[in-house]
Protein chains: 2
Amino acid sequence: MILTEEGREERGKSLFSLARMAVSGGTHGNELSGVYVVQEMERQRKETGEHAWPIPVTTVLSNPRAVKECRRYIDKDINRCFNRATLSSPITDSSPYEVRRAQELNNLLGPKGSTDAIDLICDLHNTTANMGLTLIHYTTSDWVTLHICKYLQTKITKVPVRVLVLDVPISDAYSLESVSKHGFSIEVGPQPHGVVRADIYTIMKEAVDLTIDWIHKFNSGTVFEGGDVEAFKLIKSVDYPRDPKTRTLTAAIHPHLQDRDFCLLKQGDPLFLSFSGETVKYEEEPLHPFFINEAAYYEKEIAFHLGKKMMLTIPSVQVQKD
Amino acid sequence: MILTEEGREERGKSLFSLARMAVSGGTHGNELSGVYVVQEMERQRKETGEHAWPIPVTTVLSNPRAVKECRRYIDKDINRCFNRATLSSPITDSSPYEVRRAQELNNLLGPKGSTDAIDLICDLHNTTANMGLTLIHYTTSDWVTLHICKYLQTKITKVPVRVLVLDVPISDAYSLESVSKHGFSIEVGPQPHGVVRADIYTIMKEAVDLTIDWIHKFNSGTVFEGGDVEAFKLIKSVDYPRDPKTRTLTAAIHPHLQDRDFCLLKQGDPLFLSFSGETVKYEEEPLHPFFINEAAYYEKEIAFHLGKKMMLTIPSVQVQKD
C-alpha cells in the first residue's frame, strides 16, 4: 500500500508471484566468482537443507566442462546459444558441446518462452573491465527485474550499481537468462579471468542474496514503490586499431580511458595508445563507454561498447493476490 | 674509472662484452604485453633496419601456437622445459609441442651452458599479481644482470622495481632465460591474462629499452659503480585452502593481502577469506609474499610465494679490453 501525496491509498501494479528462481554460474568457465558463489550456495543447501533460502532456488553450473578446464568455453560461447534457432537446432554427432548443453539447460530451466519456464534466472559473470556491479537486461519494460535493480542500488553502497539494457527482441536474445520469464545477468569487475578476488566475490554474493531477499518480500506482499531508474542503453561497439593484413592489434586502450567505464567520452578524448606511442582520439558524439578492455572481447573484435544514458520510470509493483 | 675515497683510481671487475641479446615474448601465450613488445620491436626493425638498436638484438615469440590461441600453453608449460633433462629428451611423435619448441629455442639461442649460447635473454612475462616490475634471476652472483637491475631501479620511477632470486642450480633451472649466459625474466603486473594494458606495456617496453641501453654503455666501456642491491629470495610457496576430496578452493586471498605483494606478512595477518566468510590468519615467521593470486598458479597449487628480503653487494664492473 502506498500513500500518494494527496493521502489516497494506491496499490502498485499487480504482478504474478515468483515461485522459483535459478542462480547460474560458470556460464563462462573462467569467470570464477560465479563458480564459487554457486559452489557456496550448494554447500549452504547441504548444510541447511532446502530451507537455506526463503524461496526455492535452483543452482546450476552452466558449462561444467569449461569450468573444469578454466576456459571461457570448449567449442563455442554458450552464452550466445540461447536464441530460438540454436535451441531448436537438431543435435548430431558434430554438434558443439555448448549447443548440446544449452538445450539441456533450456529443458531444465525453460523451455524458453513457455509458461513452464522458471520465473527468474540470475546468471553470474565477471569482467576484466572496471564495471563495478552491472545488471544486464534485454528490455526496458520488465518491472520485476528493474525493481530488483532499484533495490540493489539502494542496498549496495560499496561499488556503483548500474543498469544496462541491450534492447534485443526476446526471441533473438541469445544468453542464458533469456530462458526465464524475468532474467538478468550480473557482471562484476574488474577481475582477471581465471582468478577469484574476495572483494568481487563478496559483491556478487551480496547481489544474489539481495535478489532472493527482494523476491521473498515481493511474494510476501510488500509493495515496492515506483520511481526513476538510471540505465545505459547499448548503442554500438568499437574495435581496436588492427593491422589490416594480419588483424593483430596495433594499439591498446589509452591509459586515460582504461578503467573509466561508464564515464562520459567526449570528442577529442584519448581512445587508444599505439604500441609505437601515438594517441588515437574519439571523434564522435558524447557517449558512455563500458566493457573497456574485456579479455573475452578481443576475439569478438570489440575494444569497448558505447551506450546512452537514459532514465526509466517504473511503476509501483506488488504481488497479485489469488 | 672510479675514484676511491682515498683518491686512488680503481677499475671495475672486468667482464666479457655482451655481443648479442635476445628479447622473447609469448613464452606464455596469454601474457600479452611481451607479445606486443616483440611485435613492436619487429616493426621497428622493419622500419629502421638492423640498426634499430645500438647492439644486435634477436626477437622471438617463444610459443607461437599458444599466442595464436591466447592460452598459457598448448600441452605443457614451456617455461618449465628448459632444464637439461627436458632439453636432451628424445623427440617422438607423442612429444608435447612445448618440448619440441623448447629444443628449437635451445638450438636458436643456446645450446644452454655452451660458449655458443647467446649472451643475454630477457624473457617477458605478465602476472595478475600486483608485482610492479620484478626482475627474476637464478643466482645472486651474476654481476651483469644485477647491474642491469640496479640501472633499471635508478631509471624507472613510475613503479617499484624489485629483484627476485630463485637460487636454483643453473643445470636444474627450467625457464627460457637459463639458456643464455646472463638471463633474467621480467614480470610486470597487475595485468589480466588475455589483456594488454597500455600502462603495463609501457613499463615493459621501457625496461627492455633500458636493458639495451645498459648493454650498449657497458660494451662501450662505461664503468658501472658497485653498491648494494635489495633482493627477495624465494623461501616457500603457500596453497589455497581446498576441499580435501574435490581439491576445489574453499577460500580466496583475503582482501587485506590481495594486491600487497612484497609487503611484510606478520603473524596474525589475514591470509584467506573463506567463501562462507571466515578469515584464515598467518601463523609463521614474518616474510614477504609475492605472486599473490596469480591466475596461472591455481593449477600449480600456489596461492602465493613467500620470500626473505636480503641485501646483495655487487662490485663495480667494466668491459674486458681485448
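Residues numbered from 1 in each chain as written. Chains lettered and ligands numbered in written order. Predicted model: local features only at pLDDT ≥ 70, side-chain atom pairs only at ≥ 80, totals over all residues. Heavy atoms only, no water.

The name recorded for chain A in an unreviewed UniProt entry is N-acyl-aromatic-L-amino acid amidohydrolase, from Sinocyclocheilus grahami. Recorded in UniProt under Sequence similarities (unreviewed entry), the annotation for chain A is "Belongs to the AspA/AstE family. Aspartoacylase subfamily." (UniProt positions renumbered as here; feature names shortened; annotations may be inferred.)

Turning to the pattern of salt bridges, a few remarks are in order. All names here are of chain A. Considering all chains together, one arrives at 38 salt bridges over all chains under this definition. Here Asp199 ties to Arg197 by a salt bridge, and the two come within 3.1 Å at their closest N and O atoms. The residue Lys309 makes a salt bridge to Glu230 at a minimum N-O spacing of 3.7 Å. Linking Lys309 in strand β15 (residues 304–314) with Glu230 in strand β10 (residues 227–238), this pair joins segments that are 79 residues apart in sequence. Owing to a relative accessible area of 44%, Lys309 belongs among the partly exposed residues under this scheme. Using a relative accessible area of 33% as the deciding quantity, one classes Glu230 as partly exposed. Taken together, the salt bridges that share partners define one network made up of Glu31, Arg72, Asp77, Arg80 and Lys300. (Salt bridge = Lys/Arg side-chain N within 4 Å of Asp/Glu carboxyl O. Helix = DSSP H or I, 4+ residues; strand = E, 2+ residues; numbered from the N terminus. Buried < 20%, exposed > 50% of the residue type's maximum accessible area, 1.4 Å probe, protein only.)

With that out of the way, let us pick up the nonpolar core. Among the nonpolar cores identified, the biggest contains 74 residues, and Leu133, Leu152 and Trp214 of chain A together with Phe304 of chain B are the most heavily contacted of them. Per element, the largest residue contribution to this core is 12 residues, and it comes from helix α6 (residues 198–219) of chain A. Apart from the residues lying within four places of it in its own chain, the contact partners of Phe304 of chain B are Ser237, Val238, Ile253, Leu257, Leu265, Leu271, Phe272, Pro289, Phe290, Phe291 and Ile292 of chain B. Counting 73 residues, the second largest nonpolar core, distinct from the first, contains Val57, Leu152, Val195 and Val317 of chain B. (Core = buried A, V, L, I, M, F, W, Y, C linked by side-chain atoms within 4.5 Å. Contact = heavy atoms within 4.5 Å.)

Another aspect to go through is the interface of chain B and chain A. Each partner contributes residues to the interface: chain B has 28 residues there, and chain A has 28 residues. Interface of chain B and chain A: buried area, both sides summed, is about 2,300 Å²; carbon and sulfur atoms make up 59% of it. Among the ionic pairs, Asp259 of chain A bridges to Arg197 of chain B, the shortest N-O distance being 2.8 Å. Here chain B is connected to chain A by 12 residue pairs in polar contact (both at pLDDT 80 or more). For the side of chain B that touches chain A, the elements supplying multiple residues, two or more each, are α1 (32–48), α6 (198–219) and β11 (251–253) of chain B. In terms of residue count, α1 of chain B provides more of the side of chain B that touches chain A than any other element does, 5 residues in total. Per-class residue counts for the side of chain B that touches chain A are 15 nonpolar, 9 polar and 4 charged. (Buried area = accessible area lost by both parts, 1.4 Å probe. Polar contact = N/O pair within 3.5 Å; in protein donor to acceptor, adjacent residues only side chain to side chain. Nonpolar A, V, L, I, M, F, W, Y, C, P; charged D, E, K, R; others polar.)

What follows covers unusual backbone geometry. For the peptide bond that leads from Gly110 of chain A to Pro111 of chain A, omega is 0°, which places it in the cis range. Mapped onto the elements, Pro111 of chain A comes out in the loop between α4 (97–109) and β6 (120–126). The residue after Gly189 of chain A, namely Pro190 of chain A, is reached through a cis peptide bond having omega 10°. One can find Pro190 of chain A in the loop between β9 (184–189) and α6. The phi dihedral of Arg247 of chain A is positive, around 65°, even though this residue is not glycine. Within the secondary structure layout, Arg247 of chain A lies in the loop between β10 and β11 (251–253). The phi dihedral of Cys70 of chain B falls on the positive side, at around 50°, and the residue is not glycine.

Per the UniProt record, "active site" (unreviewed entry) is found at Glu187 of chain A. Discounting chain neighbours no more than four positions away, the residues touching Glu187 of chain A are His125, Asn126, Thr127, Gly132, Leu133, Thr134, Ile136 and Phe291 of chain A.

A word on the relation of the copies chain B and chain A. For the match of chain B to chain A, the screw axis carries a shift of 0.0 Å, the RMSD comes to 0.0 Å, and the turn is 180°. Here the symmetry operator amounts to a two-fold rotation axis. Rotation axis and chain B: the residue whose C-alpha lies nearest the axis is Pro192 of chain B, separated from it by 2.3 Å. (Least-squares fit on C-alpha atoms with pLDDT ≥ 70 in both.)

With that settled, the discussion passes to the sheet that holds β11 of chain B. Residue and element names in this part refer to chain B. One open sheet accounts for 3 strands, arranged β11-β12-β13; its pairing is antiparallel. Two strands bound the open sheet, and with one partner strand each, they are β11 and β13 (279–281). Ignoring which end each strand starts from, the neighbouring axes of this sheet average 30° apart. (Pairing = 2+ DSSP bridges. Axes fitted to C-alpha atoms, helices over the stretch in contact; angles between N-to-C directions.)

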